[in-house]
Amino acid sequence: MKRDPIAVEAPELQDVLDALDDPDCRAILGQLDSPMAAKELSEACEIPQSTTYRKLDLLSDASLVDERTEIRDDGRHTTRYVADFEEIQVSLDEDGSLELAIGRRESTPEERLSALWSEVRTET
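The structure presented is a predicted model; accordingly, all values stated were derived computationally and were not measured. (Residues numbered from 1 in each chain as written. Predicted model: local features only at pLDDT ≥ 70, side-chain atom pairs only at ≥ 80, totals over all residues. Heavy atoms only, no water.)

Participant: Help me out: how do you make sense of the overall build of the protein chain in this one?
Facilitator: Helix and strand counts for the protein chain stand at five helices and four strands. In sequence order, the secondary structure elements of the protein chain are arranged as α-α-α-α-β-β-β-β-α. Expressed as a percentage of contacts within the protein chain between residues at least 6 apart in sequence, the contacts between residues at least 24 apart total 52%. Accessible surface computed for the protein chain: about 8,300 Å², of which carbon and sulfur atoms make up 46%. (Helix = DSSP H or I, 4+ residues; strand = E, 2+ residues; numbered from the N terminus. Contact = heavy atoms within 4.5 Å. Areas by Shrake-Rupley, 256 points an atom, 1.4 Å probe, with all protein chains shown as cover.)

Participant: Sorry, what's going on with the nonpolar core here?
Facilitator: Across soluble globular proteins, nonpolar side chains show a tendency to be buried alongside one another. The biggest cluster of nonpolar side chains holds 18 residues, and the ones touching the most others in it are Ile-28, Leu-41, Leu-56, Leu-59, Leu-64 and Val-65. Going through the elements one at a time, helix H1 (13-21), helix H2 (23-31), helix H3 (38-45) and helix H4 (49-61) are the ones with two or more residues in this core. Here Leu-59 is in contact with Ala-19, Cys-25, Ile-28, Leu-29, Leu-64 and Val-65, once residues within four sequence places are set aside. (Core = buried A, V, L, I, M, F, W, Y, C linked by side-chain atoms within 4.5 Å. Buried < 20%, exposed > 50% of the residue type's maximum accessible area, 1.4 Å probe, protein only.)

Participant: How should I be thinking about the side chain of Lys-55 in this particular structure?
Facilitator: For Lys-55, the position within the fold is in helix H4. Excluding residues that lie within four positions of it along the chain, Lys-55 makes contacts with Asp-22, Asp-24, Cys-25 and Ile-28.

Participant: I would appreciate a short explanation of a nonpolar patch on the surface in the present structure.
Facilitator: The grouping of Leu-17, Val-90, Leu-92 and Leu-98 at the surface amounts to a nonpolar patch, some 350 Å² of accessible area in total. Tracing the sequence through the fold places Leu-92 in strand E3 (residues 87-92). (Patch = residues over 30% accessible without salt bridge, like charges linked within 9 Å, V, L, I, M, F, W, Y side chains within 5 Å. Salt bridge = Lys/Arg side-chain N within 4 Å of Asp/Glu carboxyl O.)

Participant: Any chance you could explain H4 here in plain terms?
Facilitator: Along an α-helix, residues three or four apart share an orientation, since each turn contains 3.6 residues. Along its 13 residues, H4 runs 18 Å from first to last C-alpha, staying within 8% of the 18 Å computed at 1.5 Å per residue. Where the residues of H4 are buried, they touch H1, H2, H3, strand E1 (65-70) and strand E2 (78-83). The first or second residue beyond H4 is Ser-63, which carries a positive phi of 60°. (Expected span 1.5 Å × (residues − 1).)

Participant: Help me understand the side chain of Thr-78, please; the structure alone is not making it clear to me.
Facilitator: Among the structural elements, Thr-78 can be located in strand E2. If sequence neighbours within four positions are ignored, Thr-78 has contacts with Arg-68, Thr-69, Glu-70 and Arg-72.

Participant: Just to check I follow, could you spell out unusual backbone geometry for this structure?
Facilitator: One can expect most non-glycine residues to show negative phi and most peptide bonds to be in trans. Its identity is not glycine, yet Glu-46 carries a phi of approximately 55°, on the positive side. As for its placement among the helices and strands, Glu-46 is situated in the loop between H3 and H4. Phi at Ser-63 is positive, roughly 60°, even though this residue is not glycine. Position of Ser-63 among the secondary structure elements: in the loop between H4 and E1.

Participant: Hey, could you run me through the environment of Arg-68 in this one?
Facilitator: Looking at the element boundaries, Arg-68 is found in strand E1. Placed ten residues apart in sequence, Arg-68 and Thr-78 show a C-alpha to C-alpha distance of 8.3 Å. Separated by 2.7 Å, the side chains of Arg-68 and Asp-66 make a polar contact. (Polar contact = N/O pair within 3.5 Å; in protein donor to acceptor, adjacent residues only side chain to side chain.)

Participant: Is there a simple way to explain the pairing of strand E4 (residues 98-103) in this structure?
Facilitator: Each regular strand displays side chains that alternate between the two surfaces of the sheet. Where E3 and E4 come together, six bridges link them in antiparallel fashion. Within the sheet, the bridge partner assigned to Glu-87 lies in E4 and is Gly-103. The turn linking E3 back onto E4 is made up of five residues, and Gly-96 within it adopts a positive phi angle of 90°. (Pairing = 2+ DSSP bridges.)

This is the structure we're talking about:
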């Protein structure tokens with residue numbers, strides 16, 4: 001079965017909780033009101049760039065950050081990161097287990113193209 005590159009996979013509850021518990025991850029999320037490169041995030045959050053990449057991986061595994069390819073006319077594409085949620089809800093259901101709901105906004109055609117391009121780059 002072929003994976004839909006635009007569909008967001010449901011994250012594990014523990015991945016989301018681990019990411020939100022991390023102060024560097026929270027700092028990164030606090031900066032992502034617009035797409036930013038890892039270097040920009042590193043500088044804005046005052047954390048080493050290598051740490052920034054590790055935290056972006058953690059946030060990506062939790063489906064809280066999306067990696068987008070900014071396509072440039074000169075062919076030198078760049079990777080930018082965006083917060084990929086509007087709301088996170090953790091609730092206790094009737095049988096006592098935790099339920100996770102992540103509210104997302106609808107992506108624009110440009111964002112869908114960027115996601116497709118990112119998927120093509122990882123497949124080649």
